[in-house]
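Descriptive analysis of the structure
Spelled out, the chains give:
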Amino acid sequence: FDVLTEKFNVYKVETIGDAYMVVAGLPFQHNPQPAIAIMEMALAMQEAVRQVHTCDGRALQIRVGVHCGSAVAGTVGKKMPRFCFFGDTVNTASRMESTGVPGRIQISQELYDRVRDYYEFEQRGLIKVKGKGEMNTYLHLGRRRAVSAEFHSPDSPSSQKRHS
């Protein structure tokens, strides 16, 4: 996934256990469409994982959760400093992943409002989200219209519409 962060101009925050956290839209990234960049990163992660199989031949699946909003960032620690992100946006993105569906990308209403012209989704409906109550969420189905060529190759399998 680290190679994909460069391709889509997103920033890897950390890997904790089975979670891989990235952000888009940081001031130094100069990314005019961070919501599109993060969706394309999510799609590429799903495609990369589909290429990996277990010893008994089963394909791996990951849950991807995406949310958008503001966050606070800073360096934490003296002995082993780390650049960290904090805030409701970070927690909500984590909840989108943990309440998601294996092999699918689940997004919040806020992100849906920003990317719905570019992608097709099915409304999952209200789900109970720890610390938030009920939230309206959506599952990604496919691309609605082309995104900038900088985000994907038109021949890539991830650019094809997929229904699960």
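Whatever comes next refers back to the structure up there.
Below is a short write-up of the structure.

**Regarding a nonpolar patch on the surface**
- On the surface, Val72, Val76 and Phe86 cluster together into a nonpolar patch covering about 260 Å² of accessible area.
- On the secondary structure map, Val72 appears in strand β4 (residues 72–76).
- Residue class for Val72 comes out exposed when judged on its relative accessible area of 55%.

**What about the pattern of salt bridges?**
- What the rule picks out here adds up to 7 salt bridges.
- The residue Arg63 makes a salt bridge to Glu97 at a minimum N-O spacing of 3.0 Å. With a gap of 34 residues between them, Arg63 in the loop between α2 (34–50) and β3 (64–66) and Glu97 in helix α3 (residues 88–98) connect regions that are remote in the sequence.
- The class for Arg63 is partly exposed, based on a relative accessible area of 34%.

**Digging into the nonpolar core**
- The biggest cluster of nonpolar side chains holds 28 residues, and the ones touching the most others in it are Ile107, Val115 and Tyr119.
- Counting residues per element, the ones that place at least two in this core are β2 (19–23), α2, β3, β6 (105–108), α4 (109–115) and β7 (119–129).
- Examining the composition of this core, we find that 10 residues originate from one element, α2, more than from any other.
- Apart from residues no more than four positions distant in its own chain, Val115 is found in contact with Ala35, Ile36, Met39, Ile107 and Phe121.
- Ranked by size, the runner-up nonpolar core spans 5 residues in total, among them Val13, Leu26, Phe85 and Val90.

**Quick look at the packing of aromatic side chains**
- Going through the model one piece at a time under the given rule, you end up with 4 aromatic pairs.
- When the ring of Phe83 is compared with that of Phe85, the centres are 5.4 Å apart and the planes differ by 80 degrees; the resulting orientation is edge-to-face.
- Plain terms: the ring middles of Tyr112 and Tyr138 are 3.8 Å apart, the flat faces sit at 5 degrees to each other, and that makes the pair stacked. Of this pair, Tyr112 sits in helix α4 while Tyr138 is found in strand β8 (residues 133–143), placing the two residues 26 residues apart along the sequence. Assigned by exposure class, Tyr112 and Tyr138 land together as buried.
- Members of the aromatic cluster, connected to one another through ring pairs, are Tyr112, Tyr119, Phe121 and Tyr138.

**Description of α3**
- Buried within α3 we find Thr89, Val90, Thr92 and Met96. Taken around the axis of α3, the buried residues stretch over an arc of 165 degrees, which confines them to a single face.
- Residues of α3 that are buried make contact with β2, β3, β5 (82–86), β6, β7 and β8.

**Remarks on the pairing of β5**
- Where β4 lies against β5, 5 bridges are found, and the strand directions are antiparallel. Of the residues in β5, the one forming a bridge with Ala73 is Phe85.
- If you look at the hairpin formed by β4 and β5, you'll find 5 residues sitting between the two strands, and Gly77 has a positive phi there, around 100 degrees.

**Details of the side chain of Gln106**
- If you trace the backbone, Gln106 turns up in strand β6.
- Within polar-contact distance, the side chain of Gln106 engages the backbone oxygen of Met96 at 2.8 Å.
- Among residues more than four places away in sequence, those in contact with Gln106 are Val64, Gly65, Val66, Arg95, Met96, Thr99, Gly100, Arg124, Ile127, Thr137, Tyr138 and Leu139.

**Points about α2**
- If you check α2, its first and last C-alpha atoms are 24 Å apart, about what 17 residues at 1.5 Å a residue would give, namely 24 Å.
- Of all 17 residues that make up α2, 14 are buried, and the element is covered over most of its length.

Conventions we followed
Residues numbered from 1 in each chain as written. Predicted model: local features only at pLDDT ≥ 70, side-chain atom pairs only at ≥ 80, totals over all residues. Heavy atoms only, no water. Patch = residues over 30% accessible without salt bridge, like charges linked within 9 Å, V, L, I, M, F, W, Y side chains within 5 Å. Areas by Shrake-Rupley, 256 points an atom, 1.4 Å probe, with all protein chains shown as cover. Salt bridge = Lys/Arg side-chain N within 4 Å of Asp/Glu carboxyl O. Helix = DSSP H or I, 4+ residues; strand = E, 2+ residues; numbered from the N terminus. Buried < 20%, exposed > 50% of the residue type's maximum accessible area, 1.4 Å probe, protein only. Core = buried A, V, L, I, M, F, W, Y, C linked by side-chain atoms within 4.5 Å. Contact = heavy atoms within 4.5 Å. Phe/Tyr/Trp six-rings, centres within 6.5 Å; stacked < 30°, edge-to-face > 60°. Arc of directions from axis to C-beta. Pairing = 2+ DSSP bridges. Polar contact = N/O pair within 3.5 Å; in protein donor to acceptor, adjacent residues only side chain to side chain. Expected span 1.5 Å × (residues − 1).

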